[in-house]
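Reading the structure
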Amino acid sequence: QLQFVESGGGLVQPGGSLRLSCVGSGFTSDYYAISWFRQAPGKEREGVSCIGSGFGSSKYADSVKGRFTISRDNAKNTVYLQMDSLRPEDTAVYYCAQRKYSGLCGGMTPDDYLNWGQGTQVTVSS
């Protein structure tokens, strides 16, 4: 079974940057779309960004367009999320997960995903 481990979160001031990593194990993630989600206290889990399997296609939530960049290194079985110009509203636990048996990015709804990691906390505060 494919499993993910997220890392790279931390405390950063507004306007700062973080780079999150999502490392897969069990079997290769090359065949599946992988997405980053986030969940803040009292709010629903929301899709942040998705990267497809075949051609490096990607999607972003409107709230992070122009600030976040998703990428993948299949040789390392790792997906990254580069986060720049961070804002306090970006504060959340960030998770990565595999889309259910699809290499295409869809609407980034949590019910479409499997094998959630434990998450990494991102806190943006002055």
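Above: the structure in question.
I will try to describe carefully the structure that is included in this document. The structure displayed is predicted, hence computed values, not measured ones. Along each chain, residues carry numbers from 1 onward, in the same order as the chain's sequence is written. Per-residue local features of the predicted model are confined to residues with pLDDT of at least 70, and side-chain atom pairs are confined, for both listing and counting, to 80 or more; whole-chain, interface and lining totals are unaffected and use all residues. No hydrogens and no water enter the side-chain calculation; it runs on all heavy atoms of the structure.

**A few points about the sheet that holds strand S1 (residues 3–7)**
A pair of strands is treated as paired once DSSP finds two or more bridges between them. A run of H or I in DSSP becomes a helix once it reaches four residues, and a run of E becomes a strand once it reaches two; helices and strands are each numbered from the N terminus. Read from one edge of the open sheet, four strands run S1-S3-S8-S7, paired in antiparallel fashion. Of all strands in the sheet, those with a lone pairing partner are S1 and strand S7 (68–73), marking the two edges. When strand polarity is set aside, the average angle formed by the axes of neighbouring strands in this sheet is 15°. Lines are fitted to the C-alpha atoms to define the axes, a helix being fitted only along its stretch in contact, and any angle between axes, read from their N-to-C directions, falls within 0 to 180 degrees.

**Side note on unusual backbone geometry**
Phi is positive for Ser-85, close to 50°, though the residue is something other than glycine. Relative to the helices and strands, Ser-85 is located in the loop between strand S8 (78–83) and strand S9 (92–99). With a phi close to 55°, Met-108 is a non-glycine residue in the positive phi region. Locating Met-108 in the fold gives a position in the loop between S9 and strand S10 (113–114). Met-108 sits in the buried class, given a relative accessible area of 11%. Buried means the residue's accessible area, taken with a 1.4 Å probe over protein chains only, is under 20% of the maximum for its type, while exposed means over 50%, and partly exposed covers the values in between.

**Overview of the pattern of salt bridges**
One side-chain nitrogen of Lys or Arg within 4 Å of one carboxyl oxygen of Asp or Glu is enough to make a salt bridge. Applying the stated rule across the entire model yields four salt bridges. Note that Lys-65 is salt-bridged to Asp-62, the shortest N-O span being 3.3 Å. In this structure, Lys-65 and Asp-62 share a single accessibility class: exposed. Measuring nitrogen to oxygen at the nearest pair gives 2.7 Å for the salt bridge that ties Arg-67 to Asp-90.

**What to know about the nonpolar core**
One finds Trp-36, Phe-68, Leu-81, Met-83 and Tyr-94 to be the most contacted residues of the largest nonpolar core, which totals 25 residues. Put simply, the parts of the chain that give this core at least two residues each are strand S3 (18–25), strand S4 (34–39), strand S5 (46–51), S7, S8, S9 and strand S11 (120–124). Residue types Ala, Val, Leu, Ile, Met, Phe, Trp, Tyr and Cys, when buried and joined through side-chain atoms within 4.5 Å, form a set referred to as a nonpolar core. Listed in part, the seven residues of the second largest apolar core include Ala-33, Cys-50, Met-108 and Tyr-113.

**Some points on the environment of Tyr-95**
Mapped onto the elements of the fold, Tyr-95 is located in strand S9. Residue Tyr-95 is classed as buried on the basis of its relative accessible area, which comes to 14%. Note: C-alpha distance between Tyr-95 and Leu-114 (19 residues apart in sequence) is 11 Å.

Everything listed here is a matter of geometry and, on its own, says nothing about what the molecule does.
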